[in-house]
Amino acid sequence: MTDVGKGGGLFGATGIIGLLVLQALTATCIAALALVLPAALGIAAGGTALAGKKQIAQVGTPAREQTIDSGKADLAEMKEKAHR
C-alpha cells in the first residue's frame, strides 16, 4: 500500500469517528435536557398558575344576577341566529 492510500484511509476513519463523537454529544445533550426540562416546566407552570390566581383575585367573582343575565342574553342570541 502506498502512503497516500494509508493517509486516505486514516482520514476517512477520522471522519467516521468524528460523526460518532457528534452522535454521542447529541445523546448527552438529550439526556441532560431530559433531567432539567421537567423541573423547568414545573417552575413555569407554577409561575403561570400564581399569576392567573392573582388576576382572578383582582377581578373577583361576578354577581349571580350578572351571570344569569349574561346566560339569558347568550341563549336569546343563539336562538335568534338559529332561526335565520
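Residue numbers here run from 1 along each chain, matching the order of that chain's written sequence. Side-chain atom pairs in this predicted model are given and counted only at pLDDT of 80 or more, local residue features only at pLDDT of at least 70, and totals for whole chains, interfaces and linings cover all residues. Side-chain measures here rest on the full set of heavy atoms in the structure, leaving out hydrogens and waters.

Draft legend 1. Structural view of the overall build of the protein. Helix and strand definitions here come from DSSP, where helices need a minimum of 4 consecutive H or I residues and strands a minimum of 2 consecutive E residues; each element is numbered from the N-terminal end. Within the protein, the regular secondary structure consists of 2 helices and 0 strands. Atoms counted for the radius of gyration: C-alpha only. Globule rule: 2.2 Å times the number of residues to the power 0.38. A compact globule built from 84 residues should have a C-alpha radius of gyration of about 12 Å, whereas the protein, at 32 Å, is more than 25% larger. Its C-alpha atoms put the protein at 95 × 40 × 15 Å along the principal axes. Only protein chains enter the accessibility calculation, which uses a 1.4 Å probe; a residue whose area is less than 20% of its type maximum is buried, one above 50% is exposed, and one in between is partly exposed. Put simply, the protein has 84 residues, and 0% of those count as buried. Only the protein chains shown count as cover for residues, and the accessible areas themselves come from Shrake-Rupley with a 1.4 Å probe. Carbon and sulfur atoms make up 72% of the accessible area of the protein, which amounts to about 7500 Å² in all.

Draft legend 2. Up close: a nonpolar patch on the surface. On the surface, I17, L19, V21, L22 and L25 cluster together to form a nonpolar patch covering roughly 490 Å² of accessible area. Among the structural elements, V21 can be located in helix α1 (residues 3-59). V21 sits in the partly exposed class, given a relative accessible area of 46%. In this analysis, a patch consists of residues with relative accessible area above 30% that form no salt bridge, clustered at 9 Å for like charges and at 5 Å for the nonpolar side chains Val, Leu, Ile, Met, Phe, Trp and Tyr. Here a salt bridge means any side-chain nitrogen of Lys or Arg lying within 4 Å of a carboxyl oxygen belonging to Asp or Glu.

Draft legend 3. A look at the pattern of salt bridges. Within the structure shown, the criterion is met by 1 salt bridge. With its nearest N and O atoms 3.4 Å apart, the salt bridge here joins E77 to K81. Of this pair, E77 and K81 both sit in helix α2 (residues 64-82), 4 residues apart, which is roughly one turn of that helix. Look at E77 and you get partly exposed, because its relative accessible area is 42%.

Draft legend 4. Molecular detail of α1. With 57 residues, α1 extends 81 Å from end C-alpha to end C-alpha; this agrees with the ideal 84 Å at 1.5 Å per step. Its axis deflected by about 35 degrees at V36, α1 carries its strongest bend there, up to four residues before the proline P38. Burial analysis of α1 places just 0 of its 57 residues in the buried class, which makes it a mostly uncovered element. A positive phi of about 85 degrees marks G60, the residue just after α1. Helix span, expected: 1.5 Å multiplied by one less than the number of residues in the helix. For a residue, the bend is simply the angle between two axes, fitted respectively to the seven-residue segment ending there and the seven-residue segment starting there.

Draft legend 5. Quick peek at the environment of S70. Here S70 shows up in helix α2. Sequence-wise, S70 and Q55 are 15 residues apart; in three dimensions their C-alpha atoms are separated by 21 Å.

Purely geometric numbers; function is a separate question.
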